[in-house]
Number of protein chains: 2
Amino acid sequence: MGAGPGDPGLLTVRGRELLAAADVVVVDRLAGAMLLDHAPSSAEIIHVGKSPTTRSWSQEEINAVLVDRARAGARVVRLKGGDPYVFGRGGEEAEACAAAGVPCGVVPGVTSALAVPALAGVPVTHRDAAQEIVIVSGHLSPGHPGSTVDWAGLAASRATIVVLMGVARLMDIADALLAGGRAEATPVAVIERGATPAQRVLRTTLDALAVDAIAAGVRSPAVIVVGEVAARDDAAVDLTRPLAGVRVLVARTRPRPGRLAIELRALGADAVETVVARPAPATPTR
Amino acid sequence: MGAGPGDPGLLTVRGRELLAAADVVVVDRLAGAMLLDHAPSSAEIIHVGKSPTTRSWSQEEINAVLVDRARAGARVVRLKGGDPYVFGRGGEEAEACAAAGVPCGVVPGVTSALAVPALAGVPVTHRDAAQEIVIVSGHLSPGHPGSTVDWAGLAASRATIVVLMGVARLMDIADALLAGGRAEATPVAVIERGATPAQRVLRTTLDALAVDAIAAGVRSPAVIVVGEVAARDDAAVDLTRPLAGVRVLVARTRPRPGRLAIELRALGADAVETVVARPAPATPTR
């Protein structure tokens with residue numbers, strides 16, 4: 001199941017229904033973690049992503065826990081950021097389930113590759129400026145022997161290029177596109193932590209990308225858009241997020257994420273939850 | 001607002017909320033029409049797409065009605081199939097609103113380009129089979145002077161190619177990819193009316209695509225996937241749609257689409273609504 005790009009309002013209706021009926025939720029990203037309160041409080045939550053204190057699970061370990069819990073009779077939701085089949089290895093997990101005789105279905109999600117630019121005002125297509133959108137994984141450098149991406153071909157095309165997982169290779173990617181013939185002045189937008197209240201947008205050009213990104217201190221996760229549309233700013237006012245830019249501190253007595261914070265984030269607020277001691281019963285004063 | 005690919009369960013949570021608060025809904029596709037019952041019964045519904053009895057509106061006319069209704073104080077939802085910025089001209093409409101001083105926001109949707117293949121068992125990426133996904137509009141033939149798509153470059157790449165609006169140009173598209181060097185045996189999946197109970201999937205290869213599509217009588221709307229992943233069939237059993245393959249006749253006394261049919265479709269059923277006369281009060285018989 002795709003969790004969408006980070007904004008809880010961009011979960012699908014079916015996704016929310018299935019989460020509410022889950023016995024087990026296997027989750028690997030912060031985007032997903034914000035949605036966990038949709039699951040029953042009795043559900044087992046298994047975090048398989050890296051955290052400050054734990055390593056991330058191997059793909060084999062993830063496949064094994066999905067199969068194991070399903071065979072034990074549980075309804076298992078595998079919650080993945082964005083769309084599960086866009087560089088999400090959802091296909092491998094579905095394959096592992098099928099091989100083990102575990103029936104499974106897919107619930108597509110709103111992909112960060114398209115939604116994060118849109119929410120930052122960048123339409124990936126606009127009139128005839130883009131009849132072609134390329135979504136590419138930047139986790140391998142253009143020069144890496146394992147890379148199957150035709151960067152020279154991309155450079156020569158007129159496609160809007162959306163790079164996911166590319167922050168660590170920004171300089172190599174810009175160099176490869178320039179070497180392939182994309183114009184130095186090609187607009188670029190780098191959207192850091194998109195679809196969340198912490199969103200930051202860097203606007204630059206292809207020749208200045210690497211220097212500007214370093215100067216701005218861009219960090220993962222970020223979506224990089226290269227092409228004429230990256231200069232656009234189409235949704236400067238977003239009525240759907242009336243609390244955008246507002247930070248709200250939510251005090252809780254339970255460590256689990258709460259519905260109030262989810263609702264606040266859906267309205268655009270930066271809801272920060274903190275666990276506090278349950279207040280002692282009031283002592284009457286005279 | 002994106003309506004998603006056709007399955008009502010793939011509307012976003014925020015999309016449903018905003019529809020429920022709409023004064024006016026401007027809709028152009030069947031995918032959107034199935035969701036109209038989420039709007040209040042008092043909402044004005046404006047169909048701008050082509051129907052058997054009406055022509056489709058020009059982009060200027062659509063822009064004008066959005067601005068007009070908004071200026072009159074209405075909350076206007078512009079409901080578009082899939083995602084509004086993936087060849088949906090959503091950017092142009094946002095631009096028109098901005099130029100007229102009408103504030104607007106964007107609600108991304110699940111795009112048909114990725115979800116329709118996924119629901120048909122085709123993951124657009126799988127392991128290292130695809131580090132690159134290209135979404136391309138096939139509404140202009142590869143030889144058309146207005147086409148900005150680099151078909152030769154696409155052919156030479158190892159990207160998964162997803163073609164939208166390409167049914168009318170299937171032969172030209174296959175020829176262009178073969179001429180550019182894509183292997184004749186490259187798997188192709190054509191998914192007609194995807195994400196609906198009427199889905200049909202054609203599996204073939206690039207060299208046989210045109211002939212097989214004609215033989216199968218493929219018609220729009222269809223999503224075409226070219227690449228190694230098109231041979232995959234990952235979600236043969238879809239537990240999320242328990243009524244898939246079941247046709248249900250829903251009798252109604254009002255011509256407007258009803259919630260029962262929406263719910264049935266969300267479960268995978270092919271719900272066919274028919275308007276019947278309201279039953280006369282029962283006449284007592286002795």
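Predicted model only: the values in this text are computed from it and were never measured. (Residues numbered from 1 in each chain as written. Chains lettered and ligands numbered in written order. Predicted model: local features only at pLDDT ≥ 70, side-chain atom pairs only at ≥ 80, totals over all residues. Heavy atoms only, no water.)

**Description of the overall build of chain A**
Here is the rule we go by: Strands here are runs of E lasting at least two residues and helices are runs of H or I lasting at least four, both read from the DSSP assignment and numbered beginning at the N terminus. The quantity called the radius of gyration is restricted to C-alpha atoms. Its globule counterpart is 2.2 Å times the number of residues to the power 0.38. By definition in these notes, contact holds between two residues if any of their heavy atoms fall within 4.5 Å.
Across its full length, chain A carries nine helices and 10 strands. Its C-alpha atoms give chain A a radius of gyration of 21 Å, within 12% of the compact-globule value 19 Å for 286 residues. Its C-alpha atoms put chain A at 75 × 60 × 35 Å along the principal axes. For chain A, long-range pairs separated by at least 24 residues make up 65% of all intrachain contacts whose partners lie at least 6 apart in sequence.

**Some remarks on the packing of helix α3 (residues 59-71) of chain B against helix α4 (residues 90-99) of chain B**
A pair of packed helices is captured by two measures, namely the crossing angle of their axes and the spacing between those axes. Residue and element names in this part refer to chain B. Operational definition: Angular values range over 0 to 180 degrees, each being the angle between N-to-C directions of two axes fitted as lines to C-alpha atoms, with helices fitted over their stretch in contact. Here roughly perpendicular refers to angles of 65 to 115 degrees, roughly parallel to angles under 35, roughly antiparallel to angles over 145, and oblique to all remaining angles. The sense of a crossing depends on the near helix, which, turned anticlockwise from the far helix by less than a right angle, makes the crossing left-handed and, turned clockwise, makes it right-handed. Any residue outside Ala, Val, Leu, Ile, Met, Phe, Trp, Tyr, Cys, Pro, Asp, Glu, Lys and Arg is labelled polar, Gly included; the first ten of those are nonpolar and the last four are charged.
The interhelical angle for the contact between α3 and α4, taken along N-to-C directions, is 45°, at an axis separation of 9 Å. Between α3 and α4, the crossing angle belongs to the class labelled oblique. As for the relative orientation of α3 and α4, their crossing is right-handed in sense. From α3, Q59, I62, N63, L66 and V67 reach across to α4, where they touch E92, E93, A96 and C97. The residue makeup of the contact of α3 with α4, split by class, is five nonpolar, two polar and two charged.

**Overview of the relation of the copies chain B and chain A**
In this arrangement, two copies of a chain are superimposed by a rotation about an axis accompanied by a shift along the axis. Rules: When the copies are superposed, the least-squares fit draws on C-alpha atoms of residues that have pLDDT of at least 70 in both.
Expressed as a screw transformation, the operator carrying chain B onto chain A has a rotation angle of 180° and an axial translation of 0.0 Å, and the superposed copies differ by an RMSD of 0.1 Å. Such values leave the two copies arranged in the relation of a two-fold axis. Mapped onto chain A, 100% of the interface residues of chain B are again interface residues, and the two copies thus contact each other with one and the same surface.

**A few points about unusual backbone geometry**
Residue and element names in this part refer to chain A. The linkage connecting S220 with the following residue, P221, adopts the cis geometry, with an omega of -5°. Note that P221 resides in the loop between α8 (209-216) and β8 (222-226). Non-glycine residue R193 carries a positive phi angle of around 45°.

**As for the domain arrangement of chain A**
Residue and element names in this part refer to chain A. To keep it simple, the criterion reads: The source of the domain bounds is an automatic or database domain assignment. Buried area, as used here, totals the accessible surface that two parts lose on assembly, with accessibility defined by a 1.4 Å probe and the loss added over both. Salt bridge criterion: a side-chain nitrogen from Lys or Arg within 4 Å of a carboxyl oxygen from Asp or Glu. By the criterion applied in these results, polar contacts are pairs of N or O atoms within 3.5 Å in which, for protein atoms, one can donate a hydrogen and the other can accept it, and in which residues neighboring in sequence qualify only through two side-chain atoms.
Considered domain by domain, chain A is made up of domain 1 (8-99), domain 2 (112-231) and domain 3 (238-286). Of the residues lining the interface, 12 residues belong to domain 1; the matching set on domain 3 comes to seven residues. Taken together, both faces of the contact between domain 1 and domain 3 bury some 810 Å²; the carbon and sulfur share is 52%. Counting across the interface, domain 1 meets domain 3 through zero salt bridges. Inspection of the domain 1/domain 3 interface yields zero residue pairs in polar contact (both at pLDDT 80 or more). For the side of domain 1 that touches domain 3, a count of residues per class yields eight nonpolar, three polar and one charged.

**Some remarks on the nonpolar core**
Heads up, the rule is: Only buried Ala, Val, Leu, Ile, Met, Phe, Trp, Tyr and Cys residues count toward a nonpolar core, and they belong to the same one when joined by side-chain atoms within 4.5 Å. Type-normalised accessible area, obtained with a 1.4 Å probe on protein chains alone, sets the label of each residue: buried when under 20%, exposed when over 50%, and partly exposed for intermediate values.
Counting residues in each nonpolar core, the largest one holds 102 residues, and the members touching the most others are L79(A), I133(A), I135(A), L79(B), I133(B) and I135(B). With 50 residues, the next largest nonpolar core counts L209(A), V136(B), I173(B) and L209(B) among its residues.

**Considerations on the interface of chain B and chain A**
Selection rule: Two strands qualify as a pair provided that DSSP identifies no fewer than 2 bridges between them.
The partner chain A presents 64 residues to the 64 residues of chain B that form the contact. Summed over both sides, the interface between chain B and chain A buries roughly 5500 Å², with carbon and sulfur atoms accounting for 58% of that surface. Considering only the side of chain B, the residues that lose the most area to chain A are R14(B), Y85(B) and Q131(B), jointly responsible for 15% of the buried surface there. Run the count over chain B and chain A and you get four salt bridges. The shortest N-O distance in the salt bridge between R14(B) and D7(A) comes to 2.9 Å. Looking at which element gives the most residues to the side of chain B that touches chain A, the answer is strand β4 (residues 132-137) of chain B, with six residues. Per-class residue counts for the side of chain B that touches chain A are 33 nonpolar, 17 polar and 14 charged. Pairing of strand β4 (residues 132-137) of chain A with β4(B) involves five bridges; the strand directions are antiparallel. Residue pairing in the sheet places V136(A) in a bridge with E132(B) of β4(B).

**Overview of the sheet that holds β4(A)**
Read across the open sheet, the 10 strands follow the order β7(A)-β6(A)-β8(A)-β5(A)-β4(A)-β4(B)-β5(B)-β8(B)-β6(B)-β7(B); overall the sheet is mixed. Edge positions in the sheet fall to β7 (200-205) of chain A together with β7 (200-205) of chain B, since each of these pairs with one other strand and no more. Going across the sheet, the axis of each strand differs from the next one's by a mean of 15°, ignoring polarity.

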